[in-house]
Amino acid sequence: MLYREAGQFKTTYFSDMAVFRLREDRTGLAVVVVAAYGLAFVGTDFLLQAVLIPFLVFSLAAIGLNILTGYAGQLSLGTGAFMGVGAYSCYKLMTAFPDVNVIIWILVSGLFSAAVGALFGLPSLRIKGFYLAVATLAAQFFLQWCFIRVPWLVNYNVSGALDAPLRTVFSIPVVGATATSQARYIVVLTLVIALTWLASNLVRGRIGRMWIAVRDMDLAAELIGIRPLQTKLLAFAVSSYYCGVAGALMVFLWYGGAEYDVFNINQSFFILFMVIIGGLGSLIGSFFGAALIFIMPILLGIILPALLVPFGLSIGAETIEHLRFMIVGALIIFFLIVEPHGLARLWQIGKQKLLVWPFPY
Amino acid sequence: MRPPLQPNRDTDNTLLAVENVSLRFGGVKALTGVSFDIRKGEIRAIIGPNGAGKTSMLNCINGFYHPTDGRIIFKGEMRRKMRPHVAARGGIARTFQNVALFKSMSTLDNIMVGRSLKMKAGFFWQLLRYGPAIEEEVAHRKVVEDIIDFLQIPHIRRTPVGRLPYGLQKRVELGRALAMEPDLLLLDEPMAGMNLEEKEDMARFIIEVNQQFGTTVALIEHDMSVVMDLSDRVVVLEYGRKIADGTPEQVKSDARVIDAYLGVAH
């Protein structure tokens, strides 16, 4: 009885078009946001640095890819490289103008990634589906080659790696070795919340509808006046922007420095799996996907040994590692069989059932 | 069923003229030297046996195909190679023989997409969903709700169209085309696969669209009773050539048309 549509009448189109049409949803979201900020103060370093920050970074990258693949229907395998463009341009900007607030540079670095993404999106006018995926693979390999071969990108650093110089926001260090995980977490969380909000505005408005139209039936979309090239390129640009910001956050607020190989093809696949399992064309699905693929293994690593303690058994660390892979793999298959449209669809079905619970109709 | 022609209807006003249009795919001649015109405010039917080139003709008009020969003049302007989205901007809307809706979207969103061309708020307002973006969203939502009321489909407003029965999908597709407020509405077999009741509804909508909004309609249809009742003038195609053109009565009594439909004794 906690979740009911009854009695919440919409008298204007404005209120009818709200993201969360139900009071319960709005309360739920507020609770989650407050709890997320609360965790910054009660969470351990391990929780913040090794679980929540990476989860948020992956969620952001998954939102980026979801905009492109889930909403606009353009398959891409260049996510890792676009994240790299964000990270490398953020590094260049940060070191060239050390006095400017680092958060501004993180947000600006996404623009470089957006430009590169739009450039590599050009083939999408002519090719679709798997063939487009292969074309974006070119972006992946070419950009990764640039990261290795162009020493200018790392300021002729002998190690060839990105490092995180000390940068502060309101004189609190957020980037660099002395930054606390609490400060990093709050910055990442705030950026992810803000960018998710903007993405949700975008996908629910005219532009989002045009993306979905191009995805569902591009011929019919063109027929009603949607220019296919511009619409697809915009999707590539916005998507790469999100990936770029996620890449910058990944290197400077999570890893604290990285080499070119974190932006390899595996990263692209990793994000793609999150999007598919979370739910194509769903923002909340991006979070679910990131949680399942990133947090689940960590959780299993903690839970499995704990489960065996009462039986007086103990298993080696490497066996746990193997079990983790097996269980996560099985779960992925399980969820895909139960709901091929991803966890987001399960969530939606659950909410609809709850609306009428305890009666089936 | 159909009220008599309004006397004040402007009959000399040509909206679209097709002149000597030919269309070839390699050795296959889909259309050969077809000419006809569509006048402002009329309902023009294009009929013919299967494979006569009716859909190819519509595809030429709205830019999916480019005629190999001949020209198409729309609103007094000659057009060469025109992409469908340019035709849409010019005021040509279209429905398909086998429904081409955006399956995962709701009825509401499908019709809202039809308004895309009319929406102007820039990217950054869209990003914030504030100011012009939300005002425009609300304003267009009102128009869309009017269309939904007009087509009598308010009960399926939030249903993803992929789940709707065929007859309703056709109606939503008409709604999407209407949302564009077109000058010329091309309907490719709007009543294919419908039962009698649905056909009557659809016929009523077409007449109302034509008379209330003054939209010019060009339609392809196989059901002769519908064509004869609805249309002001009929053009008949066979094997890519025009064999007759005129009022339903003229066409009905044309010997070549009867031959084309009933076959000729050899």
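Going by the annotation in an unreviewed UniProt entry, the name recorded for chain B is ABC transporter ATP-binding protein, with Microvirga puerhi given as the source organism.

As annotated in an unreviewed UniProt entry, chain A carries the name Branched-chain amino acid ABC transporter permease and comes from Microvirga puerhi. The annotation that UniProt attaches to chain A under Subcellular location (unreviewed entry) is "Cell membrane".

Draft legend 1. View of the overall build of chain A. Helix and strand counts for chain A come out as 14 helices and four strands. At 21 Å, chain A has a C-alpha radius of gyration in line with the 21 Å of a compact globule built from 361 residues. For chain A, the spread of C-alpha atoms along the three principal axes comes to 65 × 65 × 40 Å. By residue count, 50% of the 361 residues in chain A fall in the buried class. Restricting to contacts in chain A with at least 6 residues of sequence separation, those with at least 24 account for 75%.

Draft legend 2. Layout of the overall build of chain B. Assigned secondary structure in chain B consists of 10 helices and 10 strands. Taken over the C-alpha trace, chain B has a radius of gyration of 19 Å; the compact-globule value for 266 residues is 18 Å, and the two agree within 12%. In terms of its C-alpha atoms, chain B occupies a principal-axis envelope of roughly 70 × 40 × 40 Å. The buried share of chain B, taken over its 266 residues, is 56%. Contacts spanning at least 24 positions in sequence make up 68% of the contacts within chain B whose residues lie at least 6 apart. For chain B, the accessible surface area stands at approximately 11,800 Å², while carbon and sulfur atoms represent 52% of it. Counting 36 positive and 33 negative side-chain charges, chain B places the centres of these two groups 6 Å from one another.

Draft legend 3. Summary view of a nonpolar patch on the surface. All names here are of chain A. Where nonpolar side chains cluster on the molecular surface, the patch consists of F46, L299, I302, I303 and L307 and spans about 470 Å² of accessible area. In terms of residue count, helix 12 (residues 283-308) provides more of the nonpolar patch than any other element does, four residues in total. Residue position: L307 is located in helix 12.

Draft legend 4. Inspection of the interface of chain B and chain A at higher detail. Of the residues lining the interface, 38 residues belong to chain B; the matching set on chain A comes to 32 residues. Summing the contributions of chain B and of chain A, the shared interface buries around 3,200 Å²; its carbon and sulfur component is 64%. Taken together, the links from chain B to chain A amount to two salt bridges. When the shortest N-O distance is used, the salt bridge between R209(A) and E137(B) registers 2.9 Å. Our count for the contact surface shared by chain B and chain A stands at 11 residue pairs in polar contact (both at pLDDT 80 or more).

Draft legend 5. Just the sheet that holds strand 9 (residues 233-238) of chain B, in detail. Residues and elements named next belong to chain B. Ordered by their spatial adjacency, six strands build an open sheet running 6-7-8-3-9-10, and the pairing between neighbours is mixed. Looking at which strands have only one partner, the edges of the open sheet turn out to be strand 6 (92-95) and strand 10 (241-246). Averaged over all adjacent pairs, the angle separating strand axes in this sheet is 15°, with direction ignored. Lying on the sheet, helix 10 (residues 255-262) is in contact with strand 3 (43-47), strand 9 and strand 10; it crosses strand 10 at an angle near 125°.

Draft legend 6. Quick peek at the sheet that holds strand 5 (residues 77-79) of chain B. All names here are of chain B. Taking strand neighbours across the sheet as the criterion, the four strands line up as 2-1-4-5 in an open arrangement whose pairing is antiparallel. Looking at strand neighbours, the two that pair on one side only are strand 2 (28-39) and strand 5, the edges of this open sheet. Averaged over neighbouring strand pairs, the angle between their axes works out to 20° when direction is ignored. Relative to strand 2, strand 1 (residues 14-25) runs antiparallel, the two sharing eight bridges. Bridge assignment links F25 to a residue of strand 2, and that residue is V28.

Draft legend 7. A look at the pairing of strand 7 (residues 184-188) of chain B. All names here are of chain B. With five of its five residues buried, strand 7 lies for the most part within the structure. As paired strands, strand 6 and strand 7 are joined by four bridges and run parallel to one another. Directly across from R94, in strand 7, lies its bridge partner L186. Where strand 7 and strand 8 (residues 216-220) come together, five bridges link them in parallel fashion. Bridge assignment links L184 to a residue of strand 8, and that residue is T216. Taking the sense of rotation as the criterion, the β-α-β connection linking strand 7, helix 7 (residues 196-212) and strand 8 turns out right-handed.

Draft legend 8. Local environment of unusual backbone geometry. Residue and element names in this part refer to chain B. Phi is positive for N20, which is not a glycine, with a value near 55°. Mapped onto the elements of the fold, N20 is located in strand 1. Positive phi, normally seen in glycine, also occurs at K75, with a value near 50°. Along the chain, K75 falls in the loop between strand 4 (69-74) and strand 5.

Draft legend 9. Just the side chain of R206(A), in detail. Position of R206(A) among the secondary structure elements: in helix 8 (residues 206-216). Nearest to the buried, unbridged R206(A) among oppositely charged side chains is E136(B), at 4.6 Å. A polar atom in the side chain of R206(A) sits 2.9 Å from the backbone oxygen of A121(B). With near-sequence residues (within four places) excluded, R206(A) lies in contact with S116(B), M119(B), A121(B), Q126(B) and E137(B).

Draft legend 10. Structural view of the pattern of salt bridges. Residues and elements named next belong to chain B. Taken as a whole and assessed by the stated rule, the structure comprises 25 salt bridges over all chains. Residues D37 and R233 are paired through a salt bridge, measuring 3.2 Å at the closest nitrogen-oxygen approach. Here the residue D37 occupies a position in strand 2, and R233 occupies one in strand 9, the gap between them amounting to 196 residues. Shared partners join several salt bridges into a network, and the residues in it are D37, R39, E42, R44, R233, K242 and D245.

Draft legend 11. Molecular detail of helix 3 (residues 45-71) of chain A. The principal kink in helix 3 of chain A, of about 35°, is found at L65(A). After helix 3 of chain A finishes, the residue G73(A) shows a positive phi value of roughly 75°.

Parameters at a glance
- Residues numbered from 1 in each chain as written.
- Chains lettered and ligands numbered in written order.
- Predicted model: local features only at pLDDT ≥ 70, side-chain atom pairs only at ≥ 80, totals over all residues.
- Heavy atoms only, no water.
- UniProt positions renumbered as here; feature names shortened; annotations may be inferred.
- Helix = DSSP H or I, 4+ residues; strand = E, 2+ residues; numbered from the N terminus.
- Rg over C-alpha atoms; globule rule 2.2 N^0.38 Å.
- Buried < 20%, exposed > 50% of the residue type's maximum accessible area, 1.4 Å probe, protein only.
- Contact = heavy atoms within 4.5 Å.
- Areas by Shrake-Rupley, 256 points an atom, 1.4 Å probe, with all protein chains shown as cover.
- Lys, Arg positive; Asp, Glu negative; His and termini not counted.
- Charge placed at Lys NZ, Arg CZ, Asp CG, Glu CD.
- Patch = residues over 30% accessible without salt bridge, like charges linked within 9 Å, V, L, I, M, F, W, Y side chains within 5 Å.
- Salt bridge = Lys/Arg side-chain N within 4 Å of Asp/Glu carboxyl O.
- Buried area = accessible area lost by both parts, 1.4 Å probe.
- Polar contact = N/O pair within 3.5 Å; in protein donor to acceptor, adjacent residues only side chain to side chain.
- Pairing = 2+ DSSP bridges.
- Axes fitted to C-alpha atoms, helices over the stretch in contact; angles between N-to-C directions.
- Right-handed = clockwise from strand over helix to strand, strands pointing away.
- Bend = angle between axes of the 7 residues up to and from the residue.

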